[in-house]
Amino acid sequence: SALAQLVVQRAAAAAAASGSSRFSLGLSGGGLVRILAQELPAAAAGAAEPARWLVAFCDERLVPPEHPE
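What counts, and at which threshold
- Residues numbered from 1 in each chain as written.
- Predicted model: local features only at pLDDT ≥ 70, side-chain atom pairs only at ≥ 80, totals over all residues.
- Heavy atoms only, no water.
- Core = buried A, V, L, I, M, F, W, Y, C linked by side-chain atoms within 4.5 Å.
- Buried < 20%, exposed > 50% of the residue type's maximum accessible area, 1.4 Å probe, protein only.
- Helix = DSSP H or I, 4+ residues; strand = E, 2+ residues; numbered from the N terminus.
- Contact = heavy atoms within 4.5 Å.
- Pairing = 2+ DSSP bridges.
- Expected span 1.5 Å × (residues − 1).
- Arc of directions from axis to C-beta.
- Phe/Tyr/Trp six-rings, centres within 6.5 Å; stacked < 30°, edge-to-face > 60°.

Per an unreviewed UniProt entry, the recorded name for the chain is 6PGL phosphogluconolactonase, and the organism is Eudromia elegans.

Following this line, the structure appears as structure tokens:
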């Protein structure tokens, strides 16, 4: 819950600083994605245009796309 609140606060701060409601968040995977998937929708309710957020999955590994893992 605290992590989701932090994301919402950062999104609001970014929107205020840029004058835009766009916000980008990169997630590397693991348990973080599961935690935010559970907590972020409720935390973002009423936030400034969460539909304009870009949530991207980032993979720091350097492997070919066809790699099985």
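*Asks:* Describe in detail the nonpolar core, supporting the description with residues and values.
*Replies:* The biggest cluster of nonpolar side chains holds twelve residues, and these are Ala4, Val7, Val8, Ala11, Phe23, Leu25, Leu27, Leu36, Leu40, Ala43, Ala44 and Trp53. Those elements that place two or more of their residues in this core are α1 (2-18), β1 (23-27) and α2 (31-44). Among all residues touching Ala11, those that are not within four sequence positions of it are Phe23 and Trp53.

*Asks:* With reference to specific residues and values, describe the pairing of β1.
*Replies:* Burial along β1 is one-sided: Phe23, Leu25 and Leu27 are buried, and none of Ser24 and Gly26, which face the opposite way, are. Relative to strand β2 (residues 53-57), β1 runs parallel, the two being bridged by five bridges. Bridging from a neighbouring strand, Leu27 pairs with Phe57 of β2.

*Asks:* A description of α1 should follow, citing residues and the corresponding values.
*Replies:* If you check α1, its first and last C-alpha atoms are 24 Å apart, about what 17 residues at 1.5 Å a residue would give, namely 24 Å. Taken together, the buried positions of α1 are occupied by Ala4, Val7, Val8, Ala11 and Ala15. Down the axis of α1, the smallest arc covering the buried residues is 95°, so these residues share one side. Residues Ala2, Gln9, Arg10, Ala16 and Ala17 are exposed on α1 and point more than 90 degrees away from its buried face. Buried residues along α1 sit against β1, α2 and β2.

*Asks:* I'd like a description of the packing of aromatic side chains, backed by residues and values.
*Replies:* Each aromatic ring pair is described using two quantities: the centre-to-centre distance and the angle formed by the ring planes. Taken as a whole, this structure holds one aromatic pair when the rule is applied. Arranged with centres 5.4 Å apart and planes meeting at 70°, the rings of Phe23 and Trp53 form a pair that is edge-to-face. Of this pair, Phe23 sits in strand β1 while Trp53 sits in strand β2, and the two are 30 residues apart along the sequence. Classification of Trp53 by relative accessible area gives buried; the value is 13%.

*Asks:* Describe in detail the environment of Ile35, supporting the description with residues and values.
*Replies:* Locating Ile35 in the fold gives a position in helix α2. Residue class for Ile35 comes out partly exposed when judged on its relative accessible area of 34%. In sequence terms Ile35 and Leu3 are 32 residues apart; their C-alpha atoms lie 8.4 Å from each other.

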